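Structure assessment
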Amino acid sequence: MSNTPMHSIDFSALLASSVHDLKNSLHALRELIAQLENFFQEQKPTELKQLNFEANRMNNNLMQLLTLYKIGISQCTPTIDEHYAADILEDVVDQHSTLLTLGNVELITQCDSDLVCYCDSVMISNALCTLVNNAHRYCFSKILLSASQEDDYVVFCIEDDGKGFPENLMSSDCKQFPQIDLSTGNTGLGLFFTKTIARLHVQADKQGFIETDNNSQFGGARFKLYLP
């Protein structure tokens, strides 16, 4: 047996490569789910709803990991441009329409049609999709997605009627994320991902940030993303 030491393994690159392979397999799985939905048409079984939800959540998690990896190796920078906030919200709704219908969850949007924000719209849409997906998982029947102007920031807000954030997921700008709650399996990855995306958005001396609390008008969790 050779005593020659093995070359060190770049586990971060190996992980990124594995995530790419998983995303390819998951894409094929989601296409099969879409075919099943067409087969059942109006009478979709509960198991199909759960399968769709879990596949969507897995896809979001893999996308987050890849984006964070690229940010970590400086291969992902935001493309800041002028966008209508209402268009970003519409994109989020379009991506969740089927899943929300299956789960009998009402997604309400509120936004002035002329509200403009300066951001990387793809990054922000992905971040909001991740959080709406989380809200869908924990709400009872209702989610409010809104955007508004607060001083020098455009604020995207997600509110639900669930039980609210656990204590470990509430802090100013979520400084302690990500952390794992072994009792629920909640890692806080979605919030950490959104915080990272927010901090990439800088205008003059202002930087994007997030806040979490349980002050939803529906009695559940409230998440706010601030963009300068």
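Whatever comes next refers back to the structure up there.
Attention in this report is confined to the structure presented alongside it. (Residues numbered from 1 in each chain as written. Predicted model: local features only at pLDDT ≥ 70, side-chain atom pairs only at ≥ 80, totals over all residues. Heavy atoms only, no water.)

**Points about the overall build of the chain**
How we decide: For helices the rule is a DSSP run of H or I covering at least 4 residues; for strands it is a run of E covering at least 2, with both sets numbered from the N terminus onward. Accessible area is worked out with a 1.4 Å probe on protein chains only. A residue is then buried under 20% of its type maximum, exposed over 50%, and partly exposed in between. Only heavy atoms matter for contacts: two residues are in contact if any of them lie within 4.5 Å across the pair. Computed with a 1.4 Å probe, the accessible areas rest on the Shrake-Rupley method; for each residue, only the protein chains presented here act as cover.
Helix and strand counts for the chain stand at five helices and nine strands. Moving toward the C terminus, one meets the helices and strands of the chain in the order α-α-β-α-β-β-α-β-β-α-β-β-β-β. The burial tally for the chain puts 41% of its 228 residues in the buried class. Long-range contacts, defined here as pairs at least 24 residues apart, represent 71% of the contacts in the chain between residues at least 6 apart. Within the structure as shown, the chain displays about 12,900 Å² of accessible surface, and the carbon and sulfur contribution to it stands at 50%.

**Section: the pattern of salt bridges**
What counts is decided by this rule: In what follows, salt bridge is the name for a side-chain nitrogen of Lys or Arg lying within 4 Å of a carboxyl oxygen of Asp or Glu.
Evaluation of the coordinates by the stated rule reveals four salt bridges. We note a salt bridge from Asp-152 to Lys-206, for which the minimum N-O separation is 3.5 Å. Separated by 54 residues along the polypeptide, Asp-152 in the loop between strand S4 (142-150) and strand S5 (153-160) and Lys-206 in strand S7 (residues 206-207) bring together distant segments of the chain. On the basis of relative accessible area, Lys-206 is assigned to the partly exposed category, the value being 25%. Two residues, Asp-213 and Arg-222, come together in a salt bridge whose shortest N-O distance is 2.8 Å. Through salt bridges with shared partners, one network takes in Asp-152, Asp-205 and Lys-206.

**Remarks on the layout of surface pockets**
Heads up, the rule is: Here a cavity is any set of points on a 1 Å grid over the protein atoms alone where a 1.4 Å probe fits but cannot get out, and a pocket is any open set with protein on both sides within 12 Å along at least 5 of 7 lines; a residue lines the site when it has an atom within 4 Å of a point. Grid points are joined across faces, edges and corners, and a volume is the space filled by probe spheres set on the points. Throughout, the ten residues Ala, Val, Leu, Ile, Met, Phe, Trp, Tyr, Cys and Pro are labelled nonpolar, Asp, Glu, Lys and Arg are labelled charged, and all others, Gly among them, are labelled polar.
The computed volume of the second largest pocket comes to approximately 350 Å³. Around the second largest pocket, the lining is made up of 17 residues, and of these Arg-30, Asn-52, Asn-56, Gln-95 and His-96 lie nearest the centre. Elements that contribute at least two residues to the lining of the second largest pocket include exactly helix H1 (11-40), helix H2 (46-72), helix H3 (85-102) and helix H4 (121-138). Ranked by residues supplied to the lining of the second largest pocket, first place goes to H2 with six residues. The class makeup of the residues in the lining of the second largest pocket is six nonpolar, eight polar and three charged.

**Examining a negative patch on the surface**
Basically, it comes down to this: Patches were defined on residues exceeding 30% relative accessible area and lacking a salt bridge, with like-charge contacts within 9 Å and nonpolar side-chain contacts (Val, Leu, Ile, Met, Phe, Trp, Tyr) within 5 Å. For the charge count, each Lys or Arg is scored as positive and each Asp or Glu as negative, with His and the chain ends excluded. Charge positions come from single atoms, namely NZ of Lys, CZ of Arg, CG of Asp or CD of Glu.
A cluster of like negative charges, contributed by Asp-87, Glu-90, Asp-91 and Asp-94, occupies part of the molecular surface. Mapping Glu-90 onto the fold places it in helix H3.

**Details of the sheet that holds strand S8 (residues 209-213)**
Stated formally: Being paired, for any two strands, means DSSP has found at least two bridges between them. All axes are obtained by fitting lines to C-alpha atoms, using only the stretch in contact for helices, and the reported angles, taken between N-to-C directions, cover 0 to 180 degrees.
Taken in spatial order, the five strands of this open sheet run S2-S4-S5-S9-S8, and their pairing is mixed. The open sheet terminates on both sides in strands that have one partner only, identified here as strand S2 (106-110) and S8. Taking the axes of each pair of neighbouring strands and ignoring which way they run, one obtains an average angle of 15 degrees across the sheet. Bridge count for S4 against S5 is eight bridges, and the pairing is antiparallel. The residue of S5 that forms the bridge with Ala-147 is Phe-156. Its contacts with the sheet place H4 against S4, S5 and strand S9 (222-227), and it is angled at close to 20 degrees to S5. Where helix H5 (residues 189-199) meets the sheet, its contacts fall on S8 and S9, and the angle it forms with S8 comes to roughly 145 degrees.

**Observations regarding the packing of aromatic side chains**
For any pair of aromatic rings, the description rests on two quantities: the centre-to-centre distance and the angle between the ring planes. Basically, it comes down to this: Here is the rule: rings of Phe, Tyr and Trp (six-membered ring for Trp) pair when centre to centre is within 6.5 Å. Planes less than 30 degrees apart are stacked, more than 60 are edge-to-face, and the remainder are tilted.
Scanning all chains against the criterion turns up three aromatic pairs. Centroid distance Tyr-153 to Tyr-226: 6.0 Å. Interplanar angle 85 degrees. Geometry classified as edge-to-face. Within this pair, whereas Tyr-153 is found in strand S5, its partner Tyr-226 is found in strand S9, the two being separated by 73 residues in sequence. On the basis of relative accessibility, which here comes to 8%, the residue Tyr-226 falls in the buried class. Taken together, the ring pairs in this structure connect Tyr-153, Phe-209 and Tyr-226 into an aromatic cluster.

**Some details on the environment of Asp-205**
Relative to the elements of secondary structure, Asp-205 occurs in the loop between strand S6 (202-203) and S7. On the basis of relative accessibility, which here comes to 69%, the residue Asp-205 falls in the exposed class. As for Asp-205 and Pro-228, which are separated by 23 residues in sequence, their C-alpha atoms are 9.2 Å apart.

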